[in-house]
Amino acid sequence: MTSSNTAVAERRAGPKSVAAAAFSVEEWRRPLRETLDHFVSWSGYKAADRPVVLDAFKKALNAGYEAVKNDFETKKLPASIAIRRRALVVDMIVEELYRFTETAVYPSNTPTTGERIAVIATGGYGRGELAPYSDIDLMFLMPHKLGPRIEQVVEYMLYLMWDLGLTVGHATRNIDEAIRQARDDLSIRTAVLEARHLIGDADLFESFRIRFESDVMQDSELAFVEGKLAERDERHAKMGDTRYVLEPNVKEGKGGLRDLQTLFWIAKYIYKVDTMADLVALGVFTDTDVRLFDKAANFIWTVRTHLHELAGRADDRLTFDLQPEIGRRMGYTDHAGTTGVERFMKHYFLIAKDVGDLTRILCAVLEEQQKKGRRRFSLPSFGFGRRKETGDDAFNFENGRISVSDKNAFDEQPSRLITLFRIAHENDADIHPNTLRLVKQSLGRIDHDLQDDPVANKAFLELLCAKKNPEWMLMAMNEAGVFGRFVPDFGRVVAQMQFDMYHVYTVDEHTIRALGILSRIENGELAADHPVSARVIKEVQSRRVLYVAVLLHDIAKGRKGDHSELGAEIALTLCPRFGLNEWETETVSWLVRHHLLMSMTAFKRDLDDPQAIRDFTAQVQSPERLRLLLILTVADIRAVGPKVWNAWKAELLRDLYYRAQEVLSGESGEDSRAFRIRQAQAQLAESLADNWTPDDIERFKAIGRDTFWLAFDTETHARQAEIVRRAWQTGNLFDIVTSVDTERDITEIFVYAPDHPGLFANIAGAMAVSGASIVDAKIVTLTDGMALDTFWVQDENGRAFDDEGRLQRLRDRVDKTVKGEIRAGREIEKARERSLPRRARHFLVPPRVLIDNEASGDSTVIEVNCRDRLGLLYDVTSALTKNRLQISSAHISTFGERVVDVFYVRDPFGLKVRDERRIKDLRQALLDAAEGDATGDEATRSAWSVDMAAADRGPEERPEGATLTAPTKS
């Protein structure tokens, strides 16, 4: 390495990375140069010699890269140093390649002035930072226009670098072109901002640098800052505008590497610094800020380096399948009920939060320095409003933002750390970044005394339950670190991820989003999506109960044990502190304990089974709790992620709500079953009267069992009747009819066929291969031996299966499968391996089978929990068929990679399965079916074992994890 490059690396790397600058590449440069000198000094270079030259460069590059990789992985070299060493290896390649090209490939004894060239590193490579598969950005700088010799030199260098496997971004420009493009294009200007001379004409580069500073940078600082912040906001919007997505992009995502680089670009452009440490002497950053920046940069670079190495390419998305291995490599282990990967990701999200804090700090300083100007830098804002009295002289407003007039304000009265956010929310005001900085410096003032302070708790509850949506101010409070300090139990779930493919956000982000959804329901903004919730929320006796319950429903996530039970205990302590009375406290605790009850019942139980409704209402007990539970359930599910809620789930929840309301209001009784059957038959007869003869109506009524009349509404019964009559008229004993219900986001499919063992399994297999996901099914066997099965299906995105081409292929496949022309099992095996996404294959969901004879009055209820896969329903229902069981209804719920299938079954005599030996054999058969694609070593699989015998005991006797009503993640 040349001494000039060493000096450049030391200057750019900063004092903590001198080890990177001192890194020697001479042991690989020496043999490379000896090979190249052979052609320069002795024999001369010929085109046929290119393979030898290429091989010499490959050996030098690979040796350097391997040395850096080895030091990083085995000697725990910090990533912040490894990325600089990797850049130095590439420096060696570029320098030697240029020297060789100039002297051996296209030599010139008397190069003209116009043939001068400077090879310049730009972008991240110019900054001296390279991840394993980062692009190598180069600019070939000329004094004038492109000449033939320069073109030959550039072309030879680029082709050889590409053959080395390097991804090279390049530009060949003269000084005027480079200046003009940098002035017109912000991205080019940013890349050139970090330009670093590698080799070639140093005077040419210096001339360019001087002109760049005078012609481009001068008097453009404000535009550059606003442009970079606008770029950042646009990038965040594309990534979901949250740093808490569970598969973050470590480069482009919010709080990622690009945000750190944006800070550096702004600092360099405004203050002409080479390192962030230079900002301390200028009073922009403190030593603490610089240490935080270095810590964040090293952490993110470490993650990114591992990502590239594992993926074998420039992949910056931290997907589920890579998270456990990267966490293991970085030393995260299971601890206190939290897995190593969850601890790793929590640290990642906290680092991302630190990046946001640093951005606010720098923007605040910039604004202070520019406030005398006519314009100010654009900053993130929660909105602006007119000035109002704050009721506290310590606060004042400036340009629509609230700030403190005395830096000792929080020391004098710590409760201001809470009232600040309430007052800002009431006034539609942002909080000045300098004030937020002071808040963070004062977090130590949030102690037990403040947590018990009635004034502070009153202000917190007023903000939480504000009529105006508190979501964004609660986000700001959380970002500032106040939320987690004031409510320590909430602090434990800040940045807490759940390692699955169902949840999209961290627990704290999910909770605050749920509060925002609750507020939007109450304000009528979501009345079209949730008409029942929007109506009944006006009838609840205590708004405070609802908002506090949403706040606390997941507060015990990440602890050992049932988070619902633990959260209910936490509520008994926190609610009185917040100022809730005894009834409110008890109700909040009940809601937290049972916040999954309504979704489990609606999605996993046959709502036409009176026992399901009786069990549900026995726990709810009052109309008020029913109203509160409905609204909490809706807000909870909606806040899980953008693709989780759909109209089908809304329909099931509404159905359960109205059925439970009937029971709780005394409108439904034991004798209503017979009345409902007679009513269903009468309503059907009335709807068919114009087109059916009385004899045909009676004939159809005679083939329907009691459960058939209770399972469907009149409109559905009428469509089913037409299918049956068409079969009577044509003699065709097979029919399949599809109907798309856009309002409920579901496709309804009727299959009419002679009943026989395995019919359900074959239909399920055909639908799976066709890409249709069954979410619910009613299995009807008529008294004449025909089956009239109804399936409700959706596509892979949770929407109606409505593409006509796909529907026709589904109908054809079901037809051929039922008739025996296609073997569903074989079709599934062909498609199964390619059906499972790569990132889902990592998840090992413990298979679990629960068999319950108490959940239904006339059926045995079987619940199968396992990892989802193509054909799972076929495997499970085939196992039920082999055990001579008749399925009367099936309810399918998918939670990311995990599926919960619930079946109502009877034996050949129409009775429950009660024989203990048969139950044991059945459970094992279903476990075998559920484990069909289980992967992993024996140690992992042995950890799946559960005392499944406990599943047949009463609910009060079942241990955690072995109950039919075990909480489902939502």
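Rules used in this analysis
- Residues numbered from 1 in each chain as written.
- Predicted model: local features only at pLDDT ≥ 70, side-chain atom pairs only at ≥ 80, totals over all residues.
- Heavy atoms only, no water.
- Helix = DSSP H or I, 4+ residues; strand = E, 2+ residues; numbered from the N terminus.
- Buried < 20%, exposed > 50% of the residue type's maximum accessible area, 1.4 Å probe, protein only.
- Contact = heavy atoms within 4.5 Å.
- Areas by Shrake-Rupley, 256 points an atom, 1.4 Å probe, with all protein chains shown as cover.
- Pairing = 2+ DSSP bridges.
- Axes fitted to C-alpha atoms, helices over the stretch in contact; angles between N-to-C directions.
- Parallel < 35°, antiparallel > 145°, perpendicular 65-115°, else oblique.
- Nonpolar A, V, L, I, M, F, W, Y, C, P; charged D, E, K, R; others polar.
- Phe/Tyr/Trp six-rings, centres within 6.5 Å; stacked < 30°, edge-to-face > 60°.
- Polar contact = N/O pair within 3.5 Å; in protein donor to acceptor, adjacent residues only side chain to side chain.
- Core = buried A, V, L, I, M, F, W, Y, C linked by side-chain atoms within 4.5 Å.
- Expected span 1.5 Å × (residues − 1).
- Bend = angle between axes of the 7 residues up to and from the residue.
- Salt bridge = Lys/Arg side-chain N within 4 Å of Asp/Glu carboxyl O.

Asker: Tell me about the overall build of the protein chain, and name the residues and values.
Answerer: Along the backbone of the protein chain there are 43 helices and 15 strands. For the protein chain, buried positions account for 58% of its 970 residues. Taking the intrachain contacts of the protein chain between residues at least 6 apart in sequence as the baseline, contacts between residues at least 24 apart amount to 73%. Of the roughly 40,500 Å² of accessible surface on the protein chain, a fraction of 48% belongs to carbon and sulfur atoms.

Asker: So what's going on with the sheet that holds strand E9 (residues 746-754)? Residues and values would help.
Answerer: Sheet architecture is open: eight strands sit in the order E8-E9-E11-E10-E14-E15-E13-E12, paired in antiparallel fashion. Each edge of the open sheet carries a strand with a single partner, namely strand E8 (735-741) and strand E12 (848-852). Taking the axes of each pair of neighbouring strands and ignoring which way they run, one obtains an average angle of 20 degrees across the sheet. Along the sheet face, helix H33 (residues 647-664) touches E9, strand E10 (773-778) and strand E11 (786-794) and points at about 30 degrees away from the line of E10. Lying on the sheet, helix H42 (residues 916-930) is in contact with E12 and strand E13 (860-867); it crosses E12 at an angle near 145 degrees.

Asker: Could you give me a rundown of the sheet that holds strand E5 (residues 395-398), with the residues and numbers involved?
Answerer: Here we have three strands laid out as an open sheet, ordered E5-E6-E7, and mixed in their pairing. One side of each edge strand has no neighbouring strand; the edge strands of this open sheet are E5 and strand E7 (430-431). In terms of strand pairing, E5 meets strand E6 (residues 401-404) through four bridges, oriented antiparallel. Its bridge partner being in E6, Glu398 is matched across the sheet by Arg401. Where helix H18 (residues 416-426) meets the sheet, it contacts E5, E6 and E7, and its direction lies at approximately 35 degrees from that of E5.

Asker: Can you lay out helix H38 (residues 759-769) for me, pointing to particular residues and giving the numbers?
Answerer: Burial within H38 is extensive, with ten of its eleven residues counted as buried. Taken from the residues just after H38, Gly771 is the one with a positive phi, measuring 90 degrees.

Asker: Could you give an account of the packing of helix H4 (residues 50-74) against helix H5 (residues 79-105), with specific residues and numbers?
Answerer: Put simply, H4 and H5 touch, their axes get as near as 9 Å, and they point 170 degrees apart. When the axes of H4 and H5 are compared, the pair comes out roughly antiparallel. Between H4, through Val53, Phe57, Ala60, Leu61, Gly64, Tyr65, Val68, Asp71 and Phe72, and H5, the contact on the second element is made entirely by Ala79, Ala82, Arg85, Arg86, Val89, Val90, Met92, Ile93, Glu96, Leu97 and Phe100. Looking at the contact of H4 with H5, its residues break down into 15 nonpolar, one polar and four charged.

Asker: Give a detailed account of the packing of aromatic side chains, specifying residues and quantitative values.
Answerer: Within the structure shown, the criterion is met by 20 aromatic pairs. Ring centres of Tyr332 and Phe344 lie 5.5 Å apart, and the angle between their planes is 50 degrees; on these two criteria the pair is classed as tilted. Here the residue Tyr332 occupies a position in the loop between helix H15 (323-329) and helix H16 (340-370), and Phe344 occupies one in helix H16, the gap between them amounting to twelve residues. In this pair, the class of Tyr332 matches that of Phe344, namely buried. Taking the centre distance of 6.5 Å and the plane angle of 65 degrees together, the rings of Trp692 and Trp728 count as edge-to-face. You can see Trp692 sitting in the loop between helix H34 (672-688) and helix H35 (694-703) and its partner Trp728 sitting in helix H37 (residues 714-730), a full 36 residues away along the chain.

Asker: So what about the environment of Thr747? Which residues, and what values?
Answerer: Its place among the elements puts Thr747 in strand E9. Distance from Thr747 to Phe801, taken between C-alpha atoms, is 5.6 Å for residues 54 residues apart in sequence. Each residue touching Thr747, except ones within four places of it in the same chain, is listed here: Ser739, Val740, Phe791, Trp792, Val793, Ala800, Phe801, Asp802 and Leu807. Polar contacts involving the side chain of Thr747 include one to the main-chain carbonyl oxygen of Phe801, which spans 2.9 Å.

Asker: Account for the environment of Glu95, naming residues and giving values.
Answerer: Along the chain, Glu95 turns up in helix H5. Taking C-alpha positions, Glu95 is 8.7 Å from Val119, a pair spaced 24 residues apart along the chain.

Asker: Pulling in residues and values, what's your account of the environment of Thr738?
Answerer: By the secondary structure assignment, Thr738 is in strand E8. Taking the C-alpha atoms as reference, Thr738 lies 4.5 Å from Ile749; in sequence the two are eleven residues apart. In contact with Thr738, other than residues within four places in its own chain, are Glu748, Ile749, Leu807 and Arg811. Side-chain polar atoms of Thr738 contact the side chain of Arg811, separated by 2.6 Å.

Asker: Describe in detail the nonpolar core, supporting the description with residues and values.
Answerer: Counting 253 residues, the largest nonpolar core has Tyr125, Phe208, Phe421, Phe460, Leu464, Leu552 and Val588 as the members making the most contacts within it. Tallying contributions element by element places H5 first for this core, with 16 residues. The contact partners of Leu552, leaving out residues within four places of it in the chain, are Ala571, Leu574, Cys575, Val588 and Val592.

Asker: Could you give me a rundown of helix H28 (residues 563-578), with the residues and numbers involved?
Answerer: With 16 residues, H28 should cover 22 Å at 1.5 Å per step; its first-to-last C-alpha distance of 21 Å lies within 8% of that length. Helix geometry: H28 is bent most strongly at Ala571, by close to 30 degrees. Within H28, the full set of buried residues consists of His563, Ser564, Gly567, Ala568, Ile570, Ala571, Leu574, Cys575, Arg577 and Phe578. Those residues of H28 that are buried are in contact with helix H20 (448-451), helix H21 (454-464), helix H23 (482-486), helix H24 (488-491), helix H27 (543-552) and helix H29 (582-593). Capping the start of H28 is the job of one residue whose side-chain oxygen sits 2.8 Å from the backbone nitrogen of Ser564: Asp562. A positive backbone phi angle near 105 degrees is found at Gly579, which sits one or two residues after H28.

Asker: Describe the packing of helix H25 (residues 507-522) against H27, naming the residues involved and giving the relevant values.
Answerer: Contact geometry of H25 with H27 gives a least axis separation of 8 Å together with a crossing angle of 155 degrees. Our classification of the angle between H25 and H27 gives roughly antiparallel. Every residue of H27 that contacts H25 at Thr511, Ala514, Leu515, Leu518, Ser519 and Glu522 is listed here: Arg543, Leu546, Tyr547, Val550 and Leu551.

Asker: How would you summarise the side chain of Thr633 if you had to cite specific residues and measurements?
Answerer: Among the secondary structure elements, Thr633 is positioned in helix H32 (residues 623-638). Non-local contacts of Thr633, meaning those with residues more than four positions away in its chain, are made with His595, Met598, Ser599 and Leu653.

Asker: Lay out the pattern of salt bridges with the relevant residues and their values.
Answerer: Following the criterion strictly, the structure yields 74 salt bridges and no others. Asp608 is the salt-bridge partner of Arg659, the closest N and O atoms lying 2.8 Å from each other. With Arg659 in helix H33 and Asp608 in the loop between helix H30 (597-604) and helix H31 (610-620), the pair connects residues that are 51 residues apart, well separated along the chain. Arg659 gets classed as buried once you look at its relative accessible area, which sits at 19%.

Asker: Can you tell me about the side chain of His553, naming the residues and giving the values?
Answerer: For His553, the position within the fold is in the loop between H27 and H28. Polar side-chain contacts of His553 include one of 3.3 Å to the side chain of Asp554. With residues up to four places along the chain from it excluded, the contact list for His553 reads His510, Thr511, His563, Val592, His595, Leu632 and Asp636.

Asker: Residues and numbers for unusual backbone geometry, please.
Answerer: The backbone of Asp428 shows a phi angle near 50 degrees, a positive value even though the residue is not glycine. In this structure, Asp428 sits in the loop between H18 and E7. The exposure class assigned to Asp428 is partly exposed, which follows from its relative accessible area of 37%. With a phi close to 75 degrees, Gln621 is a non-glycine residue in the positive phi region. In this structure, Gln621 sits in the loop between H31 and H32.

Asker: Tell me about the pairing of E11, and name the residues and values.
Answerer: Within E11, nine of the nine residues are buried, leaving the element largely enclosed by the surrounding structure. Along E11, one buried face is formed by Met786, Leu788, Thr790, Trp792 and Gln794 and the opposite face, lined by Ala787, Asp789, Phe791 and Val793, is buried too. As defined by bridge partners, E10 adjoins E11 across five bridges and the pair is classed as antiparallel. By the bridge assignment, Ser773 is partnered in E11 with Gln794.

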